[in-house]
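# Residue-level structure breakdown
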Amino acid sequence: MKHHFFLLTLVISPVLAVQAAKPIVFRGDSLEMNTEFKRKSCGNSPKEMVEISGMACSRVTPGFLWAQSDDNYRVIAMTEKGKIQYDITFKDKPSRSDWEDMCSGVYQGKQTLFVGAFGDNSAKHMTDNYIFYMEEPEIPQEYAKTTYSVNNNYIQFQYPDLTRTFDAEAMFYDNIDQKLFIVNKVEWTAATVFSLDMDTVYPTELQTLKEECHLGLPDEWQFQRVTAADMSPDGHWIIIKNYDCTEKFPSDFVDESRRGKAKGEFAYALIWERKDGESVVEALNRQPQQISAYLMEWQGEAVAWLDSTTFYTTSDDDGSAPIYKYVRWDSSDLTSVQAANTPGAVKVLIGDRLFIRTKESDFSFTGQKR
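Reading the values: the criteria
Numbers given for residues are sequential positions, taken from 1 along each chain in its written order. For a predicted model such as this one, the threshold for reporting local features is a pLDDT of at least 70, and the threshold for listing and counting side-chain atom pairs is 80 or more; totals across whole chains, interfaces and linings nevertheless cover every residue. Side-chain numbers here rest on the full set of heavy atoms in the structure, without hydrogens or water. Comment: elements are numbered from the N terminus, with helices defined as DSSP H or I runs of at least four residues and strands as E runs of at least two. Throughout, exposure labels follow a simple rule: accessible area from a 1.4 Å probe, protein chains only, divided by the maximum for the residue type, with under 20% read as buried, over 50% as exposed, and the rest as partly exposed. Contacts are assigned to residue pairs that have any heavy atoms within 4.5 Å of one another. Only the protein chains shown count as covering a residue, and every accessible area follows the Shrake-Rupley method with a 1.4 Å probe. We call two N or O atoms a polar contact when they sit within 3.5 Å, provided that within protein one can donate a hydrogen and the other can accept it, with sequence-adjacent residues counted only if both atoms are side-chain atoms. Salt bridges, as used here, are contacts in which a Lys or Arg side-chain nitrogen is within 4 Å of a carboxyl oxygen on Asp or Glu. A pair of strands is considered paired only if DSSP assigns at least 2 bridges between the two. Stacked, tilted and edge-to-face are the three classes assigned to paired rings of Phe, Tyr and Trp, where Trp is represented by its six-membered ring and a pair needs centres within 6.5 Å; plane angles under 30 degrees give stacked, over 60 edge-to-face, the rest tilted. Either the NZ atom of lysine or the CZ atom of arginine qualifies as a charge over a ring when it sits within 6 Å of the ring centre and within 35 degrees of the ring normal. To form a nonpolar core, buried Ala, Val, Leu, Ile, Met, Phe, Trp, Tyr and Cys residues must be joined to one another through side-chain atoms within 4.5 Å. Fitted lines through C-alpha atoms serve as axes, helices being fitted only where they are in contact, and the angles separating the N-to-C directions of these axes extend from 0 to 180 degrees.

### Side note on the overall build of the protein
Scanning the protein for helices and strands turns up two helices and 28 strands. Across the 370 residues of the protein, 58% fall into the buried class. A separation threshold of at least 6 residues defines the contact pool for the protein, and within that pool the share at least 24 residues apart is 62%. Of the roughly 15,300 Å² of accessible surface on the protein, a fraction of 49% belongs to carbon and sulfur atoms.

### Examining the side chain of Thr112
The residue Thr112 is located in strand β11 (residues 110-117) in this model. Only 2.9 Å separates the side chain of Thr112 from the backbone oxygen of Lys110, close enough to count as a polar contact. Not counting chain neighbours up to four residues away, the residues in contact with Thr112 comprise Cys103, Ser104, Gly105, Tyr107, Tyr133, Met134, Glu135 and Glu136.

### Focus on the pattern of salt bridges
Tallying each qualifying case throughout the model produces 10 salt bridges. Asp197 is the partner of Lys179 in a salt bridge, and the nearest nitrogen-oxygen pair spans 3.8 Å. Of the two residues, Lys179 is situated in strand β16 (residues 179-184) and Asp197 in strand β17 (residues 191-197); the sequence distance between them amounts to 18 residues. For Asp197, a relative accessible area of 37% gives the class partly exposed. Between Glu278 and Arg286 there is a salt bridge, with the nearest N and O atoms lying 2.4 Å from each other. Salt bridges linked by common partners bring Asp174, Asp177 and Arg274 together as one network.

### Thoughts on the side chain of Glu36
Tracing the chain through its elements places Glu36 in the loop between β4 (33-34) and β5 (37-44). According to the relative accessible area criterion, Glu36 is buried, its value standing at 7%. Here Arg328 takes part through its side chain, which lies 3.1 Å from a polar atom of the side chain of Glu36.

### Focus on the sheet that holds β11
Here five strands make up an open sheet; going across it, the order is β10-β11-β12-β14-β18 and the pairing mixed. A strand with exactly one partner marks an edge of an open sheet, and here the two such strands are β10 (99-107) and β18 (207-208). Bridge count for β11 against strand β12 (residues 129-135) is six bridges, and the pairing is antiparallel. Its bridge partner lying in β12, Gly116 is registered against Ile131.

### Focus: the pairing of strand β21 (residues 237-242)
Looking along a regular strand, one sees the side chains alternate between the two faces of the sheet. Most of β21 is tucked away: six of the six residues are buried. Burial of β21 is two-sided: the residues Trp237, Ile239 and Lys241 facing one way and the residues Ile238, Ile240 and Asn242 facing the other way are all buried. Where strand β20 (residues 226-231) lies against β21, five bridges are found, and the strand directions are antiparallel. Following the sheet pairing, Met231 is matched in β21 by Ile238.

### Concerning unusual backbone geometry
Residues other than glycine seldom take positive phi values, yet Arg27 does so here, at roughly 55°. Looking at the element boundaries, Arg27 is found in the loop between β2 (25-26) and β3 (29-30). In this structure, Asn151 is a non-glycine residue whose phi angle is positive, near 50°. Its place among the elements puts Asn151 in the loop between β13 (144-149) and β14 (154-158).

### A closer look at the packing of aromatic side chains
Inspection of every chain in the model, using the stated rule, returns 23 aromatic pairs. Relative to Phe194, the ring of Tyr159 lies with its centre 4.8 Å away and its plane at 65°, an arrangement referred to as edge-to-face. Remark: Phe194 occurs in strand β17 and Tyr159 occurs in the loop between β14 and β15 (168-174); sequence separation between them is 35 residues. By relative accessible area, Tyr159 is classed as buried at 2%. For Phe194, a relative accessible area of 1% gives the class buried. Through a chain of ring-to-ring contacts, the aromatic side chains of Tyr73, Phe90, Trp99, Tyr130, Phe132, Tyr148 and Tyr154 assemble into a single cluster. A cation over a ring is seen here: Lys93 above Tyr73, with NZ or CZ 3.9 Å from the ring centre.

### Remarks on the nonpolar core
Val183, Leu215, Ile240 and Leu284 are the most contacted members of the largest nonpolar core, which has 24 residues in total. For this core, the secondary structure elements donating two or more residues are β15, β16, β17, β19 (210-215), β20, β21, β22 (269-273) and α1 (280-284). Apart from the residues within four sequence positions on either side, Leu284 is in contact with Arg27, Val193, Cys213, Leu215, Ile238, Ile240 and Trp272.

### Let's talk about the sheet that holds β13
The five strands are arranged β6-β7-β8-β9-β13 in an open sheet whose pairing can be described as mixed. Of all strands in the sheet, those bounded by a partner on one side alone are β6 (52-57) and β13. For this sheet the average axis-to-axis angle between neighbouring strands, irrespective of direction, equals 20°. Sheet topology places β6 next to strand β7 (residues 65-69); five bridges connect them, and they run antiparallel. Of the residues in β7, the one forming a bridge with Met55 is Ala67.

Laid out in structure tokens, this is it:
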């Protein structure tokens, strides 16, 4: 989707000017800053839900976020403020800890939740990597707790290079081509993107992923430790996050007790636009933009698109981690349309929706002045 600018002079409000870090060098070039998003804090993750490492927006019951924990085989539905509404415990499944991400997509004609049990910090899992999946349930109006039996609803996989293990923490689903993508974490070279075709029902036999492309260059330490990814439900936008990176050497990954404040550490969220007719790989092989509104989260391991205008993030902290909402500038109502006609306003057409940014005032996606 091509961006059409109605005015040549871009005026950015003070809020939009906040930078997460200096511009990243990606594949040899400094990335362009994407200033289309505004960030706000919604609430905090539930205290009892420690180590949220994956998140997905509900498509069946709008207004809720699904989240999964790292090691206790638990998936919850919560409000954007962090209130638990639905609590699911997985049972009767292959024994595998390190659940590292989740996503949603239309699989076999049904809205489906996918949970990735493929973390491997200890480099010991060659073939016992799993993607659990379930048809997304409707979230009840009152708090409810239940158990879900995985049985045969899982895909066991290995990577194409059978001589090594991979540690992955990021996964997203493409509704257009019906593919599942997994991005490995890495700390010493460029991240690798793998895929699995999802146009079939898989048996429980071991499957092999396909290697698709690489992110970054081996000597670019600025974008290592990929921790989260998601794709918008319309298949046009991809976000990939990282954290705790250094600009020089991997040996600089030290003193995590300082919670991301050690000298040289920073984090980024990159966004790729997938144009009409393109594959995901064709999109990822172009230079992304760096989201300027994204600020570093301690172990920020979750990102979830609501739609092409809005996404959420939270971190893998020990409960009560902030939940952030990022919204594109939107002028879908009269207040924002009037603001867009003020001197110095810039109009941006993305797809079939109009977004605005002004020098004097900030406007949310509902047009309310802040």
